[in-house]
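Each chain, letter by letter, is given below.
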Amino acid sequence: MGSYHLGRHLKILEFALSSMLRRRTKNLGLVLVFAALVFLLSSIVFLTGALRTEALATLEASPQLLVQRAMAGRHALIPLDYGELIARLPGVGSVTPRYWGYYYDIYTGANYTLLGIGDQGLESPGSTPLRLVEGSFIMPGQRRVCLIGEGVARVRGTRIGGMVSLRDARGWMQEYEVIGLFASPSRLLTNDLILLPEADLKAHFGMPDDRATDLMVEVYNPHEVDNISRKILERLPDARPISHAEIQRTYETLFNWRGGLLLAMFLGAMAAFMILAWDKATGLSADERREIGILKAIGWETSDILELKLWEGAALALVAFLAGVTAGYAHVQRFGSELLMPVLEGWSTLFPAIDLAPQLDPYALGVLFSLTVVPYIVATVVPSWKAAITDPDRVMRAS
Amino acid sequence: MSREMITLENVTRVYNQGRPNEVRPVDEVSLDIGHGEILVLKGPSGSGKTSLLALIGCMIRPTSGRILVAGRDVAKLPERFLTGVRRDTFGFVFQQLHLIPGISVLENVMLPLYPLEIGFTAAKRRALELIEQLGLAHRKGFKVEALSGGERQRVAIARALINAPQAILADEPTAHLDAGLSGELMQIFETLRGQGKTVVIATHDPLVHDSPLIDRVATMRDGRILDGDG
Ligand SMILES: Nc1ncnc2c1ncn2[C@@H]1O[C@H](COP(=O)(O)OP(=O)(O)O)[C@@H](O)[C@H]1O
Ligand SMILES: [Mg+2]
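Let me sum up the structure you'll find in this document. (Residues numbered from 1 in each chain as written. Chains lettered and ligands numbered in written order. Predicted model: local features only at pLDDT ≥ 70, side-chain atom pairs only at ≥ 80, totals over all residues. Heavy atoms only, no water.)

**Section: the overall build of chain A**
A tally of helices and strands in chain A yields 14 helices and 14 strands. For chain A, buried positions account for 47% of its 399 residues. At a minimum sequence separation of 6, the contacts of chain A that also span at least 24 residues come to 80%. (Helix = DSSP H or I, 4+ residues; strand = E, 2+ residues; numbered from the N terminus. Buried < 20%, exposed > 50% of the residue type's maximum accessible area, 1.4 Å probe, protein only. Contact = heavy atoms within 4.5 Å.)

Given below as structure tokens:
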């Protein structure tokens, strides 16, 4: 019994597929248009997902309160004395200096971020969001070694045991042995990153001993961050405290603005899709109508015809959806979302190099699926149903 | 249960009732159709033959009157059951044949079985048997548009027979055939009668209604039956 029942559906499915092949020109056209739209929509979904993930990861890695020093409106090295003063403020836990800077590599045209790791950081590597994928961490006291992000390794064509040479502040080439490769949840965060022992980094940039790039300030009670920022500004007028919340606001503003543009594109694409679906809904050819009549007359029930059309619509929509999503994924991943870049230009002010990890967000994919596949299937089934509920005797008279 | 296979009692079909364009293609028709007979519905164009065939074959319902199939009144059956009765009892050969172009003879013949609970292999075996019987074995893989008129007619008959119906209803089956092919077609119908099937043919072709192979003629005019059946 059960297998007979399955046989029934299989035969209808078989006929659905053979019918689609029979009208292959029309169906191929539909698949192409459908897939192109899903491609565009999924590129947007993947891209926003990727950007949001990047931003969140960056945010998680940023401290409660960061103190920089501004001179003539620009970021300048901050005296370590400032740190001692800040550490004495009530409510402040530890103050940790950070040593980092940018490095422009004239050979590859890439910008790297060099970050120094002090002995303190080395003792608790777990406190950074970085994760070693290969090799080992820098040991306290170790010199002339480095850890690099996967992006740097790729651009430089280096692996563990290889050398990275960087021109220092005096113009001399310095070589550092690669002892580890790392990754992090965010590619933006680590892609261009080179980690050096703190002493090597200071020497590289020629930083005075009593200065750091900025200070990370631990605040016991997150509610007091603003209060502490104010106290720091009172005592150190050239300091620039940046709270976690401020960074978050910056991201959110950016996202709202970008998101709005993306939303507009998304809606545009949806509108195009609806037009396609509508066209399909109203465009049951005389040929298809006739065929439905014949099936009805030779004993197919309305529900059988609905099943046939459901299979047809589902097969076409699934093929197109999968093709579109796959292409969208590859597009965002491999081609840096070139097509969408004009809309997103300006990200570089925040993120120097974009090499995105598209997010396979099941929720977003589900939304995309229900916004494309479902209306398409409904649009194909409804007119067929209308054609199928007419009296079967019509074909006895039709010429 | 009646000895007759199909009985019509005062069957009327009205279209556009109460409006100026009201028509009664079938008007107070009573008719008994027995098992294993060849009955011809004869009459000029517009006399209601196709409509009567559609009523006999449960394609449409009567506006009034009763239609008994194997003793059971089908006039008020819900759509699903009516389709079931039609599928199990009747095989139609339409005037325009209505084969589906682009698919093979075999697929066309199998098509009525697709929504039924029968496996693909069994369905195919049954279709091949019929194709063989009707002398189309060498054409089974051909697309129907590549066949001659006579061959197409036989494909339509094979499709009508696939459900093993008790009755074959054919509407103007010789309309597109020459005298020779019409003769062959009558032979096929005779063979079917030999297998115990009832054959009802609507036609205005003298080659059919004057053929010695038929059992009975009912003449129609303006939706009524003039003579023949009592
Ligand atoms: N669905 C319908 N709506 C309106 N008129 C119809 C319909 N079906 C048949 N008729 C009319 O009924 C009459 C009989 O038609 P038909 O049964 O096709 O006769 P025949 O097959 O003998 O030519 C014709 O006048 C036809 O126009
Ligand atoms: Mg007719």
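There's plenty left to go through after this.
**Description of the overall build of chain B**
A count of helices and strands for chain B gives seven helices and 10 strands. Carbon and sulfur atoms make up 49% of the accessible area of chain B, which amounts to about 9,600 Å² in all. (Areas by Shrake-Rupley, 256 points an atom, 1.4 Å probe, with all protein chains shown as cover.)

**Quick word on the pattern of salt bridges**
For the structure shown, the criterion picks out 25 salt bridges over all chains. A salt bridge links A:Glu307 to A:Arg8, with the shortest nitrogen-to-oxygen separation between them at 3.2 Å. Of the two residues, A:Glu307 sits in helix H11 (residues 302–334) while A:Arg8 sits in helix H1 (residues 2–22), which places them 299 residues apart along the sequence. Owing to a relative accessible area of 13%, A:Arg8 belongs among the buried residues under this scheme. Note that B:Glu22 is salt-bridged to B:Arg24, the shortest N-O span being 3.6 Å. On the basis of relative accessibility, which here comes to 31%, the residue B:Glu22 falls in the partly exposed class. (Salt bridge = Lys/Arg side-chain N within 4 Å of Asp/Glu carboxyl O.)

**Focus on the site of ligand 1**
Taken together, the neighbourhood of ligand 1 is formed by A:Arg397, B:Tyr15, B:Val23, B:Pro25, B:Pro44, B:Ser45, B:Gly46, B:Ser47, B:Gly48, B:Lys49, B:Thr50 and B:Ser51. Chain contributions to the surroundings of ligand 1 come from chains A and B. Here an oxygen atom of ligand 1 sits 3.2 Å away from a polar atom, N or O, in the main chain of B:Ser47. One of the side-chain N or O atoms of B:Thr50 is found 2.6 Å from an oxygen atom in ligand 1. Here ligand 1 loses 68% of its free accessible area of 560 Å² to cover by the protein chains. For the shell around ligand 1, the secondary structure elements donating two or more residues are strand E2 (23–33) and helix H1 (49–56) of chain B. In terms of residue count, the dominant contributor to the shell around ligand 1 is H1(B) (three residues). (Near = heavy atom within 4 Å. Polar contact = N/O pair within 3.5 Å; in protein donor to acceptor, adjacent residues only side chain to side chain.)

**Quick word on helix H5 (residues 149–161) of chain B**
The end-to-end C-alpha distance of H5(B), which contains 13 residues, comes to 19 Å, matching closely the 18 Å that a straight helix rising 1.5 Å per residue would cover. Of all 13 residues in H5(B), 11 are buried; the element is thus mostly enclosed. Of all the residues in H5(B), the buried ones are B:Gly150, B:Glu151, B:Gln153, B:Arg154, B:Val155, B:Ala156, B:Ile157, B:Ala158, B:Arg159, B:Ala160 and B:Leu161. Where H5(B) is buried, its residues meet helix H10 (286–297) of chain A together with strand E6 (90–93), helix H3 (105–110), helix H4 (120–133), strand E7 (167–171) and helix H6 (179–194) of chain B. (Expected span 1.5 Å × (residues − 1).)

**Focus: H6(B)**
Count 3.6 residues to each turn of an α-helix, and residues three or four apart come out pointing the same way. All names here are of chain B. Taking 1.5 Å per residue, 16 residues should reach 22 Å; H6 reaches 23 Å between its end C-alpha atoms and fits that length. For H6, the full list of buried residues reads Ser182, Leu185, Met186, Ile188, Phe189, Leu192 and Arg193. Taken down its axis, H6 places every buried residue within 155 degrees of arc, on the same side. Considering only its buried residues, H6 is in contact with strand E3 (38–42), H5, E7, strand E8 (198–203) and helix H7 (206–209). At the N-terminal end of H6, a side-chain oxygen is found 3.2 Å from the backbone nitrogen of glycine 180, two or three residues along, and the residue is aspartate 178. Just past H6, the residue glycine 196 takes up positive phi, approximately 90 degrees. (Arc of directions from axis to C-beta.)

**Let's talk about the environment of A:Val178**
Among the secondary structure elements, A:Val178 is positioned in strand E10 (residues 173–183). For A:Val178, a relative accessible area of 0% corresponds to the buried category.

**With respect to unusual backbone geometry**
All names here are of chain B. Backbone geometry places asparagine 16, a non-glycine residue, at a positive phi of 55 degrees. In this fold, asparagine 16 is placed in the loop between strand E1 (6–15) and E2. Even without glycine at this site, glutamate 172 takes up a positive phi of about 45 degrees. Tracing the chain through its elements places glutamate 172 in the loop between E7 and H6. For glutamate 172, a relative accessible area of 8% corresponds to the buried category.

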